[in-house]
Amino acid sequence: MRKILALATLILCCFTTYSQEVESASNIPSLIITPRFDVNPYISVGGKDKSGVDFGNTSLYTLFEGSVGENFSYSMSNHWLSTDPASLYQNAFRSDDVDFIDWLTLSYSVGRWTFTVGKDMLAIGGYELDPMDVDQHPTLCSKFWHDCAIYQWGGRVEYESKDESSTIAFQFGTSPFGERPFASKLFTYSFIWYGEFGCWAPIWSANLIEYDRGRFIKMASLGNMFSFGDFAAEIDVMQKLYTIDAKTDYELSLVGKFGYTVKDKVEVFVKAGYEYRTGEDIFGYEDEPDFIPTYIGYGKGYAFYGGGVNYYPLRASKDLRLHAVVGANNYSNKVAISVGATYHFNLTDLIQRQAKKRKNNDQ
(Lines give C-alpha, C1' and ligand atoms only; values in the text may rest on other atoms or scores of the structure.)
Protein backbone atom coordinates (compact mmCIF):
# COMPACT_ATOMS: atom_id res chain seq x y z
CA MET A 1 0.00 0.00 0.00
CA ARG A 2 2.86 2.40 0.80
CA LYS A 3 4.29 1.82 -2.68
CA ILE A 4 0.92 2.65 -4.24
CA LEU A 5 0.64 5.87 -2.24
CA ALA A 6 4.21 6.84 -3.14
CA LEU A 7 3.50 6.26 -6.83
CA ALA A 8 0.30 8.32 -6.64
CA THR A 9 2.22 11.15 -4.96
CA LEU A 10 4.90 11.09 -7.65
CA ILE A 11 2.30 11.18 -10.42
CA LEU A 12 0.50 14.07 -8.74
CA CYS A 13 3.76 16.03 -8.54
CA CYS A 14 4.42 15.42 -12.23
CA PHE A 15 0.90 16.52 -13.13
CA THR A 16 1.24 19.67 -11.05
CA THR A 17 4.32 20.55 -13.10
CA TYR A 18 2.38 19.93 -16.31
CA SER A 19 -0.46 22.15 -15.15
CA GLN A 20 1.84 25.13 -14.88
CA GLU A 21 2.01 25.19 -18.68
CA VAL A 22 -1.41 23.78 -19.41
CA GLU A 23 -2.36 26.35 -22.02
CA SER A 24 0.71 25.82 -24.17
CA ALA A 25 1.71 22.25 -23.36
CA SER A 26 1.09 19.41 -25.79
CA ASN A 27 1.00 15.66 -25.36
CA ILE A 28 -0.05 15.91 -21.73
CA PRO A 29 -0.63 12.36 -20.44
CA SER A 30 -4.00 11.23 -19.20
CA LEU A 31 -4.45 9.59 -15.80
CA ILE A 32 -7.77 7.99 -14.88
CA ILE A 33 -8.22 6.50 -11.40
CA THR A 34 -11.07 3.99 -11.19
CA PRO A 35 -12.32 2.61 -7.89
CA ARG A 36 -15.17 0.08 -7.87
CA PHE A 37 -17.19 -1.22 -4.94
CA ASP A 38 -19.52 -4.24 -5.12
CA VAL A 39 -21.65 -6.15 -2.65
CA ASN A 40 -22.70 -9.60 -3.92
CA PRO A 41 -25.20 -11.61 -1.88
CA TYR A 42 -25.67 -15.24 -2.98
CA ILE A 43 -29.14 -16.54 -2.17
CA SER A 44 -29.73 -20.28 -1.90
CA VAL A 45 -32.50 -21.73 -4.05
CA GLY A 46 -34.41 -24.56 -2.42
CA GLY A 47 -32.06 -24.65 0.55
CA LYS A 48 -29.57 -26.89 -1.28
CA ASP A 49 -26.55 -24.62 -0.74
CA LYS A 50 -25.64 -22.11 1.93
CA SER A 51 -26.33 -18.46 1.22
CA GLY A 52 -23.45 -16.02 1.49
CA VAL A 53 -22.02 -12.70 0.46
CA ASP A 54 -18.77 -11.39 -0.99
CA PHE A 55 -17.44 -8.15 -2.48
CA GLY A 56 -17.47 -9.26 -6.11
CA ASN A 57 -15.42 -7.10 -8.45
CA THR A 58 -14.43 -4.53 -5.81
CA SER A 59 -11.12 -3.13 -7.06
CA LEU A 60 -8.89 -0.17 -7.81
CA TYR A 61 -7.47 0.49 -11.28
CA THR A 62 -5.53 3.24 -13.00
CA LEU A 63 -5.13 4.00 -16.70
CA PHE A 64 -2.13 6.13 -17.69
CA GLU A 65 -1.62 6.95 -21.37
CA GLY A 66 -0.44 9.61 -23.75
CA SER A 67 1.79 10.33 -26.73
CA VAL A 68 5.33 11.45 -27.47
CA GLY A 69 5.57 13.51 -30.62
CA GLU A 70 3.35 12.63 -33.56
CA ASN A 71 4.14 8.93 -33.90
CA PHE A 72 4.70 7.36 -30.48
CA SER A 73 2.04 6.57 -27.88
CA TYR A 74 1.98 4.60 -24.65
CA SER A 75 -0.66 3.04 -22.41
CA MET A 76 -0.51 1.41 -18.99
CA SER A 77 -3.40 -0.12 -17.06
CA ASN A 78 -2.75 -1.22 -13.48
CA HIS A 79 -4.88 -3.36 -11.19
CA TRP A 80 -3.78 -2.18 -7.74
CA LEU A 81 -6.40 -3.70 -5.44
CA SER A 82 -8.94 -6.53 -5.55
CA THR A 83 -10.72 -8.77 -3.06
CA ASP A 84 -7.48 -10.81 -3.01
CA PRO A 85 -4.82 -8.09 -3.38
CA ALA A 86 -1.87 -10.25 -2.32
CA SER A 87 -2.26 -12.47 -5.39
CA LEU A 88 -1.84 -9.48 -7.73
CA TYR A 89 1.72 -9.03 -6.48
CA GLN A 90 2.60 -12.66 -5.80
CA ASN A 91 1.78 -13.39 -9.46
CA ALA A 92 3.94 -10.56 -10.77
CA PHE A 93 5.44 -11.34 -14.17
CA ARG A 94 3.71 -14.70 -14.49
CA SER A 95 1.97 -15.78 -17.70
CA ASP A 96 -0.65 -18.10 -16.21
CA ASP A 97 -2.51 -15.64 -13.97
CA VAL A 98 -3.35 -11.97 -13.61
CA ASP A 99 -1.12 -9.52 -11.75
CA PHE A 100 -1.04 -5.80 -10.99
CA ILE A 101 -0.15 -4.92 -14.61
CA ASP A 102 -3.00 -5.50 -17.04
CA TRP A 103 -1.20 -3.96 -19.97
CA LEU A 104 1.87 -1.84 -20.66
CA THR A 105 2.39 -0.93 -24.32
CA LEU A 106 4.44 1.34 -26.53
CA SER A 107 3.13 2.00 -30.05
CA TYR A 108 4.58 3.58 -33.17
CA SER A 109 2.18 4.73 -35.89
CA VAL A 110 3.10 5.66 -39.45
CA GLY A 111 0.52 6.10 -42.16
CA ARG A 112 -2.06 3.34 -41.76
CA TRP A 113 0.32 1.06 -39.87
CA THR A 114 0.72 0.71 -36.09
CA PHE A 115 3.44 -1.35 -34.38
CA THR A 116 2.99 -2.20 -30.68
CA VAL A 117 5.25 -3.96 -28.17
CA GLY A 118 4.80 -4.77 -24.49
CA LYS A 119 2.14 -6.47 -22.42
CA ASP A 120 -1.21 -6.40 -24.20
CA MET A 121 -4.56 -8.16 -24.34
CA LEU A 122 -4.45 -11.22 -26.55
CA ALA A 123 -6.23 -10.60 -29.86
CA ILE A 124 -8.65 -13.48 -29.46
CA GLY A 125 -11.79 -11.55 -30.29
CA GLY A 126 -15.31 -11.36 -28.98
CA TYR A 127 -17.34 -8.57 -27.40
CA GLU A 128 -17.39 -10.16 -23.96
CA LEU A 129 -13.62 -9.68 -23.78
CA ASP A 130 -13.71 -6.12 -25.14
CA PRO A 131 -14.67 -4.01 -22.05
CA MET A 132 -12.13 -3.21 -19.35
CA ASP A 133 -12.21 -5.71 -16.49
CA VAL A 134 -13.31 -3.05 -14.00
CA ASP A 135 -16.51 -2.48 -16.01
CA GLN A 136 -17.46 -6.17 -16.18
CA HIS A 137 -20.08 -8.03 -14.13
CA PRO A 138 -18.25 -11.32 -13.38
CA THR A 139 -21.32 -13.31 -12.30
CA LEU A 140 -22.58 -12.86 -15.87
CA CYS A 141 -19.35 -13.81 -17.64
CA SER A 142 -18.33 -17.05 -19.33
CA LYS A 143 -15.88 -19.51 -17.79
CA PHE A 144 -13.44 -18.62 -20.55
CA TRP A 145 -13.50 -14.98 -19.36
CA HIS A 146 -12.80 -16.16 -15.81
CA ASP A 147 -10.13 -18.74 -16.65
CA CYS A 148 -7.97 -17.33 -19.45
CA ALA A 149 -5.03 -15.11 -18.49
CA ILE A 150 -5.74 -12.70 -21.32
CA TYR A 151 -2.87 -10.20 -20.82
CA GLN A 152 0.44 -11.40 -22.30
CA TRP A 153 3.80 -10.02 -23.44
CA GLY A 154 4.67 -9.73 -27.12
CA GLY A 155 4.15 -7.59 -30.20
CA ARG A 156 1.40 -6.59 -32.61
CA VAL A 157 1.16 -5.14 -36.13
CA GLU A 158 -2.03 -3.39 -37.28
CA TYR A 159 -3.22 -2.01 -40.60
CA GLU A 160 -6.26 0.25 -41.02
CA SER A 161 -8.12 0.40 -44.33
CA LYS A 162 -8.33 3.65 -46.26
CA ASP A 163 -12.03 4.12 -45.51
CA GLU A 164 -11.38 3.27 -41.81
CA SER A 165 -14.08 0.59 -41.88
CA SER A 166 -11.65 -2.28 -41.17
CA THR A 167 -8.53 -2.94 -39.13
CA ILE A 168 -6.56 -6.15 -39.35
CA ALA A 169 -3.81 -7.18 -36.95
CA PHE A 170 -1.31 -9.96 -36.37
CA GLN A 171 -0.08 -10.60 -32.84
CA PHE A 172 2.70 -12.73 -31.41
CA GLY A 173 2.63 -13.19 -27.64
CA THR A 174 3.42 -15.46 -24.74
CA SER A 175 0.96 -18.22 -23.87
CA PRO A 176 -1.38 -18.23 -20.84
CA PHE A 177 -0.21 -21.82 -20.24
CA GLY A 178 3.39 -20.85 -19.54
CA GLU A 179 4.55 -19.98 -16.03
CA ARG A 180 6.98 -17.24 -17.02
CA PRO A 181 6.89 -15.02 -20.14
CA PHE A 182 9.26 -16.26 -22.84
CA ALA A 183 11.15 -18.50 -20.39
CA SER A 184 8.42 -21.14 -20.72
CA LYS A 185 8.82 -21.05 -24.53
CA LEU A 186 5.07 -21.32 -25.08
CA PHE A 187 3.52 -18.77 -27.44
CA THR A 188 0.28 -17.49 -28.97
CA TYR A 189 -0.26 -16.49 -32.59
CA SER A 190 -3.34 -14.45 -33.45
CA PHE A 191 -4.94 -12.83 -36.48
CA ILE A 192 -7.87 -10.50 -35.84
CA TRP A 193 -10.22 -8.33 -37.92
CA TYR A 194 -12.21 -5.37 -36.59
CA GLY A 195 -14.94 -3.97 -38.83
CA GLU A 196 -17.65 -1.33 -38.79
CA PHE A 197 -20.30 -1.49 -41.50
CA GLY A 198 -23.39 0.49 -40.60
CA CYS A 199 -25.38 -1.46 -38.01
CA TRP A 200 -22.91 -4.39 -37.98
CA ALA A 201 -19.52 -4.34 -36.25
CA PRO A 202 -17.58 -7.65 -36.32
CA ILE A 203 -14.57 -8.75 -34.27
CA TRP A 204 -13.36 -12.00 -35.85
CA SER A 205 -10.14 -13.82 -35.03
CA ALA A 206 -8.17 -17.03 -35.58
CA ASN A 207 -5.67 -18.16 -32.97
CA LEU A 208 -3.07 -20.78 -32.11
CA ILE A 209 -2.46 -21.02 -28.35
CA GLU A 210 0.43 -23.28 -27.37
CA TYR A 211 -0.39 -25.31 -24.22
CA ASP A 212 2.53 -27.74 -24.47
CA ARG A 213 5.67 -27.66 -26.59
CA GLY A 214 4.46 -28.02 -30.17
CA ARG A 215 0.81 -28.58 -29.15
CA PHE A 216 -1.75 -25.86 -29.82
CA ILE A 217 -5.34 -24.98 -29.09
CA LYS A 218 -6.82 -24.03 -32.45
CA MET A 219 -9.38 -21.36 -31.77
CA ALA A 220 -11.75 -19.33 -33.92
CA SER A 221 -13.84 -16.50 -32.46
CA LEU A 222 -16.65 -14.60 -34.18
CA GLY A 223 -17.80 -11.55 -32.26
CA ASN A 224 -20.66 -9.49 -33.70
CA MET A 225 -22.46 -6.35 -32.60
CA PHE A 226 -25.71 -5.18 -34.19
CA SER A 227 -26.90 -1.66 -33.36
CA PHE A 228 -30.31 -0.20 -34.15
CA GLY A 229 -30.80 3.19 -32.51
CA ASP A 230 -30.86 2.69 -28.75
CA PHE A 231 -30.91 -1.10 -29.07
CA ALA A 232 -27.73 -3.20 -29.31
CA ALA A 233 -27.12 -6.93 -29.56
CA GLU A 234 -23.76 -8.66 -29.02
CA ILE A 235 -23.33 -12.27 -30.14
CA ASP A 236 -20.06 -14.17 -29.63
CA VAL A 237 -19.30 -17.62 -31.01
CA MET A 238 -16.02 -19.29 -30.01
CA GLN A 239 -14.77 -22.72 -31.03
CA LYS A 240 -11.67 -24.46 -29.66
CA LEU A 241 -9.99 -27.65 -30.89
CA TYR A 242 -7.09 -29.33 -29.06
CA THR A 243 -6.45 -32.09 -31.59
CA ILE A 244 -7.72 -33.07 -35.01
CA ASP A 245 -10.32 -35.31 -33.36
CA ALA A 246 -13.20 -32.94 -32.63
CA LYS A 247 -15.21 -35.74 -31.02
CA THR A 248 -12.89 -36.00 -28.01
CA ASP A 249 -11.23 -32.58 -27.79
CA TYR A 250 -13.70 -29.86 -28.65
CA GLU A 251 -15.19 -26.81 -26.93
CA LEU A 252 -17.93 -24.46 -28.07
CA SER A 253 -18.92 -21.18 -26.42
CA LEU A 254 -21.98 -19.05 -27.22
CA VAL A 255 -22.57 -15.72 -25.47
CA GLY A 256 -25.32 -13.21 -26.20
CA LYS A 257 -26.07 -9.82 -24.68
CA PHE A 258 -29.04 -7.64 -25.57
CA GLY A 259 -29.40 -4.11 -24.25
CA TYR A 260 -31.50 -0.97 -24.51
CA THR A 261 -30.30 2.54 -23.60
CA VAL A 262 -32.67 5.21 -22.32
CA LYS A 263 -31.47 8.78 -23.03
CA ASP A 264 -27.81 7.83 -22.45
CA LYS A 265 -28.59 7.52 -18.72
CA VAL A 266 -29.94 4.03 -18.18
CA GLU A 267 -28.81 0.77 -19.77
CA VAL A 268 -31.08 -2.22 -19.34
CA PHE A 269 -29.63 -5.55 -20.48
CA VAL A 270 -29.99 -9.31 -20.41
CA LYS A 271 -27.13 -11.72 -20.99
CA ALA A 272 -26.84 -15.49 -21.39
CA GLY A 273 -24.22 -17.99 -22.44
CA TYR A 274 -23.59 -21.68 -23.00
CA GLU A 275 -20.27 -23.52 -23.02
CA TYR A 276 -19.87 -27.16 -23.97
CA ARG A 277 -16.88 -29.47 -24.20
CA THR A 278 -16.22 -33.07 -25.18
CA GLY A 279 -12.75 -33.46 -23.68
CA GLU A 280 -10.49 -32.09 -20.98
CA ASP A 281 -11.42 -28.69 -19.54
CA ILE A 282 -7.95 -27.35 -20.20
CA PHE A 283 -8.69 -23.81 -19.00
CA GLY A 284 -10.16 -24.97 -15.66
CA TYR A 285 -8.64 -23.70 -12.40
CA GLU A 286 -9.09 -24.67 -8.77
CA ASP A 287 -9.51 -21.19 -7.29
CA GLU A 288 -12.84 -20.09 -8.76
CA PRO A 289 -15.53 -18.87 -6.34
CA ASP A 290 -18.29 -21.33 -5.44
CA PHE A 291 -20.76 -19.68 -7.79
CA ILE A 292 -18.57 -20.39 -10.86
CA PRO A 293 -17.81 -24.11 -11.41
CA THR A 294 -14.15 -25.09 -11.27
CA TYR A 295 -14.61 -27.43 -14.22
CA ILE A 296 -17.31 -28.05 -16.78
CA GLY A 297 -18.38 -31.68 -16.35
CA TYR A 298 -18.04 -34.19 -19.17
CA GLY A 299 -21.17 -34.14 -21.30
CA LYS A 300 -22.79 -31.37 -19.25
CA GLY A 301 -22.70 -27.88 -20.67
CA TYR A 302 -22.40 -24.74 -18.57
CA ALA A 303 -25.31 -22.31 -18.96
CA PHE A 304 -25.45 -18.90 -17.31
CA TYR A 305 -28.10 -16.19 -17.58
CA GLY A 306 -29.37 -13.01 -15.99
CA GLY A 307 -29.70 -9.29 -16.48
CA GLY A 308 -29.24 -5.92 -14.92
CA VAL A 309 -29.32 -2.14 -15.03
CA ASN A 310 -26.47 0.37 -15.37
CA TYR A 311 -27.35 3.93 -14.34
CA TYR A 312 -25.24 7.05 -15.03
CA PRO A 313 -26.45 9.84 -12.70
CA LEU A 314 -24.00 12.62 -13.69
CA ARG A 315 -25.04 15.20 -16.26
CA ALA A 316 -23.38 14.75 -19.68
CA SER A 317 -20.97 12.17 -18.26
CA LYS A 318 -20.65 8.41 -17.83
CA ASP A 319 -17.81 8.65 -15.33
CA LEU A 320 -20.02 7.41 -12.48
CA ARG A 321 -21.95 4.17 -12.94
CA LEU A 322 -24.36 2.58 -10.48
CA HIS A 323 -25.38 -0.99 -11.21
CA ALA A 324 -27.68 -3.77 -10.08
CA VAL A 325 -27.28 -7.24 -11.61
CA VAL A 326 -28.90 -10.64 -11.06
CA GLY A 327 -27.32 -13.87 -12.34
CA ALA A 328 -27.70 -17.65 -12.12
CA ASN A 329 -26.28 -20.79 -13.72
CA ASN A 330 -27.00 -24.50 -13.99
CA TYR A 331 -24.09 -25.55 -11.75
CA SER A 332 -24.98 -23.52 -8.68
CA ASN A 333 -28.08 -23.70 -6.53
CA LYS A 334 -27.78 -20.00 -5.86
CA VAL A 335 -28.87 -16.71 -7.37
CA ALA A 336 -26.23 -13.95 -7.33
CA ILE A 337 -27.24 -10.33 -6.80
CA SER A 338 -24.64 -7.65 -7.40
CA VAL A 339 -25.05 -3.98 -6.51
CA GLY A 340 -22.32 -1.37 -6.60
CA ALA A 341 -20.69 1.67 -8.12
CA THR A 342 -17.78 2.43 -10.45
CA TYR A 343 -16.21 5.88 -10.84
CA HIS A 344 -13.72 6.83 -13.56
CA PHE A 345 -11.97 9.86 -12.05
CA ASN A 346 -10.01 11.77 -14.72
CA LEU A 347 -7.26 13.48 -12.77
CA THR A 348 -5.83 15.16 -15.88
CA ASP A 349 -9.07 16.97 -16.68
CA LEU A 350 -9.38 18.16 -13.08
CA ILE A 351 -5.86 19.60 -13.01
CA GLN A 352 -6.34 21.30 -16.38
CA ARG A 353 -9.60 22.91 -15.26
CA GLN A 354 -7.97 24.17 -12.08
CA ALA A 355 -4.99 25.55 -14.01
CA LYS A 356 -7.29 27.42 -16.40
CA LYS A 357 -9.28 28.78 -13.47
CA ARG A 358 -6.10 30.06 -11.79
CA LYS A 359 -4.96 31.69 -15.01
CA ASN A 360 -8.31 33.43 -15.48
CA ASN A 361 -8.18 34.70 -11.89
CA ASP A 362 -4.67 36.05 -12.40
CA GLN A 363 -5.85 37.99 -15.44
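Residues numbered from 1 in each chain as written. Predicted model: local features only at pLDDT ≥ 70, side-chain atom pairs only at ≥ 80, totals over all residues. Heavy atoms only, no water.

### So, the overall build of the chain
On a plain count of helices and strands, the chain comes out with 4 helices and 18 strands. The buried share of the chain, taken over its 363 residues, is 44%. Total accessible area on the chain is roughly 18800 Å²; 60% of this is exposed by carbon and sulfur atoms. (Helix = DSSP H or I, 4+ residues; strand = E, 2+ residues; numbered from the N terminus. Buried < 20%, exposed > 50% of the residue type's maximum accessible area, 1.4 Å probe, protein only. Areas by Shrake-Rupley, 256 points an atom, 1.4 Å probe, with all protein chains shown as cover.)

### Some words on the packing of aromatic side chains
Tallying each qualifying case throughout the model produces 22 aromatic pairs. Both rings, one in phenylalanine 182 and one in phenylalanine 187, keep their centres 6.3 Å apart while their planes meet at 50°; by these two values the pair is tilted. With relative accessibility at 41%, the residue phenylalanine 182 sits in the partly exposed group. Ring geometry for tryptophan 193 against phenylalanine 197: centres 6.0 Å apart, planes inclined by 45°, an arrangement best described as tilted. Members of the aromatic cluster, each reached through a chain of ring pairs, are Phe172, Phe182, Phe187, Tyr189 and Phe216. If you follow lysine 300 out to its NZ or CZ, it ends over the ring of tyrosine 331, 4.3 Å from the centre. (Phe/Tyr/Trp six-rings, centres within 6.5 Å; stacked < 30°, edge-to-face > 60°. Lys NZ or Arg CZ within 6 Å of the ring centre and 35° of its normal.)

### Some points on the nonpolar core
Ile124, Leu129, Phe144, Ile150, Phe177, Ile217 and Met219 are the most contacted members of the largest nonpolar core, which totals 20 residues. For this core, the secondary-structure elements that each account for two or more residues are α3 (143–147), β10 (200–212) and β11 (215–228). (Core = buried A, V, L, I, M, F, W, Y, C linked by side-chain atoms within 4.5 Å.)

### A short note on the environment of alanine 86
Inspection of the secondary structure puts alanine 86 in helix α2 (residues 85–90). Judged by relative accessible area, alanine 86 falls into the partly exposed class, the value being 40%. Between the C-alpha atoms of alanine 86 and aspartate 99, which are 13 residues apart in sequence, the distance is 9.5 Å.

### Quick word on the confidence of the model for the chain
In the predicted model, the chain carries a mean pLDDT of 88, and 86% of its residues have values of at least 70. Low pLDDT, under 50, characterises residues 15–25; the predicted model gives this stretch 18 contacts beyond four residues in sequence or across chains. (pLDDT = per-residue confidence, 0-100. Contact = heavy atoms within 4.5 Å.)

### Brief notes about unusual backbone geometry
A positive phi is found at glutamate 164, a non-glycine position, where the angle reads about 65°. A positive phi is found at phenylalanine 182, a non-glycine position, where the angle reads about 65°. Mapped onto the secondary structure, phenylalanine 182 falls in the loop between β8 (166–174) and β9 (187–195).

### Quick word on the pattern of salt bridges
If you walk through the whole model with that rule in mind, you get 8 salt bridges. The salt bridge involving arginine 94 is made with aspartate 96; its shortest N-O contact spans 2.8 Å. With a closest N to O distance of 2.8 Å, glutamate 158 and arginine 156 form a salt bridge. Classification of glutamate 158 as partly exposed rests on a relative accessible area of 21%. Residue arginine 156 is classed as buried on the basis of its relative accessible area, which comes to 10%. (Salt bridge = Lys/Arg side-chain N within 4 Å of Asp/Glu carboxyl O.)

### Some remarks on the pairing of strand β6 (residues 113–121)
One ladder, built from 7 bridges, connects strand β5 (residues 101–110) with β6; its direction is antiparallel. Counted as the bridge partner of tyrosine 108 is phenylalanine 115 from β6. The hairpin turn running from β5 into β6, its antiparallel successor, is 2 residues long, and glycine 111 in that turn takes a positive phi close to 60°. When β6 meets strand β7 (residues 151–160), the two strands line up antiparallel, connected through 9 bridges. Each residue of the ladder has a partner; that of phenylalanine 115, found in β7, is valine 157. (Pairing = 2+ DSSP bridges.)

### A closer look at the environment of aspartate 120
Tracing the backbone through its elements, the reader meets aspartate 120 in strand β6. The buried category is assigned to aspartate 120, whose relative accessible area is 18%. Remark: the alpha-carbon pair of aspartate 120 and glutamine 171, spanning 51 residues in sequence, is separated by 9.7 Å.

### Digging into the side chain of serine 165
Among the secondary structure elements, serine 165 is positioned in the loop between β7 and β8. In this structure serine 165 comes out as buried when scored by relative accessible area, which is 14%. Leave out the neighbours within four places in its chain, and serine 165 touches Tyr194, Gly195, Glu196 and Phe197.

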